[in-house]
Amino acid sequence: MKKNSSVVVDLLLLLLAITVLATPAFSDLVLSKVERRIDVTSQIARVTKTLKVVNSGSESVSEFTLTFPKFLGNNLAYLSVSHSEGKGKAKRSLANLSVKEAHPKGMPDSISFYSVSLPKPLSKGDTLTLEVVAAFTNVLQPFPEKITQRDIHLVMLQESAQYLSPYVVESQSLSIKLPNARIESYSKLENTKVQGSEIKYGPYKNLAQYSYAPIVVHFESKAAFAVAEKLVREIEVSHWGNVQVTEHYNLVHRGAQLKGEFSRLEYQDRPNPQGVSAFRHLLARLPPRAHSIYYRDDIGNISTSQMQSDSKKTELLIEPRFPLFGGWKTFFTIGYGLPLSDFLFASEGKRFLDISFGSPMIDLVTEKLIVQVVLPEGSKDISVTTPFAVKQSHEIKYSHLDIAGRPVVVLEKNNVVPDHNQKIQVYYKFSNINLLSEPLMLITGFFVLFITCIIYTRADFSISKSSAAYLAKLQWDEVLATLQEVQNIIQKCLAAHDKLEASLRDLSRTGDIQTCKAARKSTDSLLKDLSKELRPLLASLQSFPSASQISPKVEELVAKERELQEKLMAKHTTVVEGYEKKSSGRDIENRIASQQQKIIALRQEVDDLLEFIDEI
Amino acid sequence: MTRPKSSTSPSRLCLLTVNKHHNEAGLVDAALIAICPGYISRSVAGSYDNEAVAIFALLLTFYLFVKAVNTGSLSWALGSAFGYFYMVSSWGGYVFIINLVFYFLDWMKYQLNDIKLFQTFLRINVTSAILVGGIALGVGTTSGYISPWTRRFYSLLDPLMQRITFPLLPLFLSISLRHDATIFIVMYGLTSLYFAGVMIRLILVATPAICLISAIAVSATVKHLTSLLRAEQKVPQTGSSKGPGSSKASSKVTLDPSQPFQRNGAIALLVGVFYLLTARGAHGNRIIFDDYCEAYYWLRQNTPTDAKVMSWWDYGYQITAMGNITVIVDNNTWNNTHIATVGRAMSSYEDEAYDIMRSLDVNYVLVVFGGVTGYSSDDINKFLWMVRIGGGVDPVIKEPDYLVNGELRVDKGASPKMLNCLMYKLCYYRFGELVTEYGSQPGTYDRARWVEIEKKYIKLKHLEEAYTTSNWIVRIYRVKPPTNRL
């Protein structure tokens, strides 16, 4: 317990330093009653104090001074002072007062001072009740600093049993609320009581200024000591109806560090899992109607998360990839979309975004919080109001289709606790016409692209109109055109063939020989016309030197087609003659069987040749 | 640098297909390869490496080659040669052999330009190749010339390791051999499939071929089905086009009775394909074993930046990319001695392994263990390879020491060397205390091998458990610093 005793020595030194002081400057006020409650059930020490202030001096006082020992003051994350006027039960009119850090002269370094300006000067004999809420981080120190997986997690709190104040305190009491009844040790002073998981000191009467009685409480804590070393929240406003929030967490377990092995066996042991100092999940309370929630990290999606939502909130229970033991780190990103109408409002010609500042995670301490509010391109007159002091700067972010970039308001704050989860307002001016700029840009872009394509395909860009390559290309185009025509004609021929066949089928059904003959006649003349059309095309194809490889094929095609024609005609004649002679159906079929085979073979060849030409 | 290359290969492949077949097949092909796990597995998780480049080069070469064959142009052929050179310089020798076979056969086919002559040529060639290869192999092994290739290479020539790939072959053969390019595709598909069957890693080479062939098949099927649909639409049109005068004739037009059936069938097939696709995605409650990510991310977040991890080479790329940590050997380790050293460490006793790990400056050891979940491709099942490769370089490790009657066992019949080697210890450390089968003795039952393990209480001297994932699949151990000598 070396460490413990050295802490006590520190406290004694502080005490000595305080007793040397003789400062009349603050002595006009008297604290008639002080009640302090310290809640250490989470990793944050949350102190609430009720101070009854009486002005016993002759002059009215407008400032009140709060003091903390320096080791607490350095870790002060959040401080708010409110006052309630009147007496009895009707004192509910809490109003926040402004608090400033003060550095009065002649005071020892071991005390932090905060000056509170009272709503109105406190005149002689008047009383005032102040409610102080303070949250401290890093004041619950793990002790021992390194534990094995089987050990319980013990932390230590240092405080003063007597209220450190520059004023005389007439009556005061302190109660410390611990997470459970397992208390390793605590300082026993007079009037100390332990009730379950609560330790009470006092009441102590009539204490002098700067009274100080150091106490140390050493107890078990099962709380998650989850600290975000750095948290970047990006809030991107889109006037198309969405607020996209992306949060990047660099998380670390700030409790006692794990030493030795991590045993999965013991961690999973039922019913006595070892490793209670680790935490495996975090709970985020997102605003209601949050949608498109994702949870991922550097290497991909993390599948272990659950979501529950109702009309009032959306709860996201996320589990890091591995349980976090003391000193272990992880990094992850969560993102979600929010409906714009819930967060964006208009006032006095300006729009303002009303959104919470801190992380939605419960009981999370953030060492460095960076909030980047990305406003739509073209936003102007940007201003921010925050309920507490933050560091502000402006940046420009370039995203898709941006020209001027989107203005970004960057807010930075260190040591953020859940009490900071208050709304901030970002005011800006934005004209709806800007909304159309990006779609218009896209439309123009595509329009120009298509126009260019049209011009390019229509215009002739060759420099030398007489070069061999150019001429060859021109000729090739002509060849292709001719080929196309040839194909068309052949297709028409084939259609005529089909018609001929159809007429034969009709004949077999109706027995109407005249119609069939007429059909044949018309087909015949049609085919003749077509072959007339074909002749000049073939001649021109032959004249092209570049078509020298193709034209034999085309000629073959034409020849085959002609052969097919002839065979078809012959078949037609045979069938019609058969009908005229009233031969039986089977007889006719036998007679045309061989022809039919040839026709099918020829048709196949023609089709193959057509396909070949098609592929050119 | 390599990422854009690997991503361009689908488009390259698309071109290749378009070149050989129709545009539709090319599109389907590009779509297939874009979602093909065999390909994705190589272009994610840190594998933007030689393989990804090599596949790009391979396809480029094939594309240019086919182009050259089709056009007969010298410039395409030259381009193809350069593509091939690029391919060879970017990746190892396995594909080299395949390529040679391809080129030679295809070229000869073109030269002879006669199916019968080609077939006899093929027969002679293949038999002589096998003969020469066999003789060379025999001579090489006995004289000790080929030993540097080790078993990693031999396994490629082992047809007994062929998997269930043969049922797929008829699919390829059913494609009508109409074009020279189709012959090329089929040859490519068959050979790459063979090699993929022998060594699963080469599925990478088979992937483009499979995609190509399936694309042709899919597009052909869809084309036929849609043409059936179109034909159906045409029939009433031709019926009515006969005009009002021939009302008698048009009323007598009887549809081919098989047509409506065909049409309905076509619709059912077309719709069914997509229906199946969506139905497959709609799972109920999924249980995801994300242990690899869990372990790699733990390494990424909770180890010193200069730490080094020793694991079997299979996980090298993944650990490097997802764990952002240095590994001793990875998938691209050409130096066989390196892999052998790791294999030797894994198959040695802990004391000896500790010396090796100290000399390699190893901080963490990672093993994959499927005994809890029944995941069978874990390190115990791969262990024989570690022994073989380790023993291939350093004869201290002898394979028979680990085997009992030619079998690697972890149960009662296991060899003492096996029960005391580092790999066994790391896999089964504290496993004996775990209750795997309810109602049975705690622990001891290995679900990946379905045996009760022999050694239940294991003590580690130089290592300590640093992290084990929630399903015990990945186990990471920290190498302790040496204790002071007194």
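Predicted, not measured: the structure shown is a model, and the values here were computed from it. (Residues numbered from 1 in each chain as written. Chains lettered and ligands numbered in written order. Predicted model: local features only at pLDDT ≥ 70, side-chain atom pairs only at ≥ 80, totals over all residues. Heavy atoms only, no water.)

1. With respect to the overall build of chain A
Thought 1: Secondary structure assignment for chain A yields eight helices and 32 strands.
Thought 2: Scored against the burial criterion, the 616 residues of chain A give a buried share of 46%.
Thought 3: The contacts in chain A between residues at least 6 apart in sequence include a share of 76% that link residues at least 24 apart.
Thought 4: Accessible surface computed for chain A: about 31000 Å², of which carbon and sulfur atoms make up 53%. (Helix = DSSP H or I, 4+ residues; strand = E, 2+ residues; numbered from the N terminus. Buried < 20%, exposed > 50% of the residue type's maximum accessible area, 1.4 Å probe, protein only. Contact = heavy atoms within 4.5 Å. Areas by Shrake-Rupley, 256 points an atom, 1.4 Å probe, with all protein chains shown as cover.)

2. Some details on the overall build of chain B
Thought 1: Scanning chain B from terminus to terminus reveals 20 helices and nine strands.
Thought 2: In chain B, buried positions account for 45% of the 486 residues.
Thought 3: On chain B, roughly 25100 Å² of surface is accessible, and the fraction owed to carbon and sulfur atoms is 63%.

3. Overview of the sheet that holds strand β13 (residues 183–186) of chain A
All names here are of chain A.
Thought 1: The strand order across the open sheet formed by four strands is β9-β11-β16-β13, and the pairing between neighbours is antiparallel. At either end of the open sheet lies a strand with only one pairing partner, and these are β9 (141–142) and β13.
Thought 2: In the sheet, strand β11 (residues 154–160) pairs with strand β16 (residues 214–220) via seven bridges, with the strands oriented antiparallel. Its bridge partner being in β16, leucine 154 is matched across the sheet by glutamate 220. (Pairing = 2+ DSSP bridges.)

4. Examining the sheet that holds strand β18 (residues 242–253) of chain A
Thought 1: Within the open sheet, the eight strands sit side by side as β22-β21-β25-β18-β17-β28-β31-β30 (chain A). Their pairing is mixed. Edge strands, defined here as strands with exactly one partner in the open sheet, are β22 (300–301) and β30 (391–397) of chain A.
Thought 2: Note that β18 of chain A and strand β25 (residues 329–339) of chain A share eleven bridges and pair antiparallel. Bridge pairing in β25 of chain A places valine 245 of chain A opposite tyrosine 336 of chain A.
Thought 3: Sheet contacts for helix α14 (residues 291–302) of chain B: β21 (291–297) and β25 of chain A; angle to β25 of chain A, the most-contacted strand, approximately 110°. (Axes fitted to C-alpha atoms, helices over the stretch in contact; angles between N-to-C directions.)

5. Here we look at the side chain of histidine 497 of chain A
Residues and elements named next belong to chain A.
Thought 1: Topologically, histidine 497 is positioned in helix α5 (residues 468–510).
Thought 2: Side-chain polar atoms of histidine 497 contact the side chain of glutamate 561, separated by 3.0 Å.
Thought 3: What histidine 497 contacts, discounting residues up to four positions off in sequence, is Leu527, Glu561, Leu564, Gln565 and Leu568. (Polar contact = N/O pair within 3.5 Å; in protein donor to acceptor, adjacent residues only side chain to side chain.)

6. A closer look at the environment of glycine 392 of chain B
Thought 1: Structurally, glycine 392 of chain B is set in helix α18 (residues 383–393).
Thought 2: Sequence separation between glycine 392 of chain B and asparagine 336 of chain B is 56 residues; the distance between their C-alpha atoms is 9.3 Å.

7. Regarding the interface of chain A and chain B
Thought 1: With 26 residues of chain A at the contact, the number on the chain B side is 28 residues.
Thought 2: With both sides pooled, the region where chain A packs onto chain B buries about 2400 Å², and carbon together with sulfur makes up 49% of that total.
Thought 3: On the surface where chain A and chain B come into contact, there are 16 residue pairs in polar contact (both at pLDDT 80 or more).
Thought 4: Secondary-structure elements contributing two or more residues to the side of chain A that touches chain B are α3 (264–267), β25 and α5 of chain A.
Thought 5: Within the side of chain A that touches chain B, the residues separate by chemical class into seven nonpolar, seven polar and twelve charged. (Buried area = accessible area lost by both parts, 1.4 Å probe. Nonpolar A, V, L, I, M, F, W, Y, C, P; charged D, E, K, R; others polar.)

8. Some words on the pattern of salt bridges
Residues and elements named next belong to chain A.
Thought 1: Here the structure, examined in full by the defined rule, presents 45 salt bridges over all chains.
Thought 2: Glutamate 247 is the salt-bridge partner of arginine 233, the closest N and O atoms lying 2.8 Å from each other. Placement of the pair is arginine 233 in strand β17 (residues 226–238) and glutamate 247 in strand β18, with a sequence separation of 14 residues.
Thought 3: Exposure remark for arginine 233: the relative accessible area of 2% places this residue in the buried category. (Salt bridge = Lys/Arg side-chain N within 4 Å of Asp/Glu carboxyl O.)

9. A word on helix α15 (residues 316–323) of chain B
Thought 1: Those residues of α15 of chain B that fall on the buried side of the exposure criterion are Gly316, Tyr317, Ile319, Met322 and Gly323 of chain B.
Thought 2: One or two positions beyond α15 of chain B, positive phi appears at asparagine 324 of chain B, with a value near 50°.

10. Quick notes on helix α7 (residues 550–580) of chain A
Three- or four-residue spacings in an α-helix give side chains the same orientation, since the helix completes a turn every 3.6 residues.
Thought 1: With 31 residues, α7 of chain A extends 45 Å between its outermost C-alpha atoms, agreeing within 8% with the 45 Å of an ideal straight helix rising 1.5 Å per residue.
Thought 2: Positioned one or two residues after α7 of chain A, lysine 582 of chain A has a phi angle of 55°, which is positive. (Expected span 1.5 Å × (residues − 1).)

11. Here we look at the UniProt feature "transmembrane region" (unreviewed entry) in chain A
Thought 1: According to UniProt, the positions carrying the feature "transmembrane region" (unreviewed entry) are residues 439–457 of chain A.
Thought 2: Annotated as residues 439–457 of chain A, this span is 100% helix and 0% strand, and its ends, taken at the C-alpha atoms, are 27 Å apart. (UniProt positions renumbered as here; feature names shortened; annotations may be inferred.)

12. A look at the packing of aromatic side chains
Thought 1: Taken as a whole, this structure holds 32 aromatic pairs over all chains when the rule is applied.
Thought 2: Seen in terms of ring centroids, phenylalanine 64 of chain A and tyrosine 167 of chain A are 5.1 Å apart; in terms of plane orientation they differ by 20°. Their pairing is stacked. With a gap of 103 residues between them, phenylalanine 64 of chain A in strand β3 (residues 61–69) and tyrosine 167 of chain A in the loop between β11 and β12 (168–177) connect regions that are remote in the sequence. A single burial state applies to phenylalanine 64 of chain A and to tyrosine 167 of chain A, both of which are buried.
Thought 3: Judged by centre distance (5.3 Å) and plane angle (65°), the ring pair of phenylalanine 325 of chain A and tryptophan 328 of chain A falls under edge-to-face.
Thought 4: Here phenylalanine 325 of chain A falls in the buried class, since its relative accessible area comes to 0%.
Thought 5: Accessibility expressed as a relative area gives 8% for tryptophan 328 of chain A, which makes it buried.
Thought 6: Grouping aromatic residues by their ring pairs yields a cluster made of Phe262, Tyr267, Phe322, Phe325 and Trp328 of chain A together with Trp298, Tyr364 and Tyr467 of chain B.
Thought 7: Stacked on the ring of phenylalanine 612 of chain A, the Lys or Arg lysine 553 of chain A has its end atom at 4.9 Å from the ring centre. (Phe/Tyr/Trp six-rings, centres within 6.5 Å; stacked < 30°, edge-to-face > 60°. Lys NZ or Arg CZ within 6 Å of the ring centre and 35° of its normal.)

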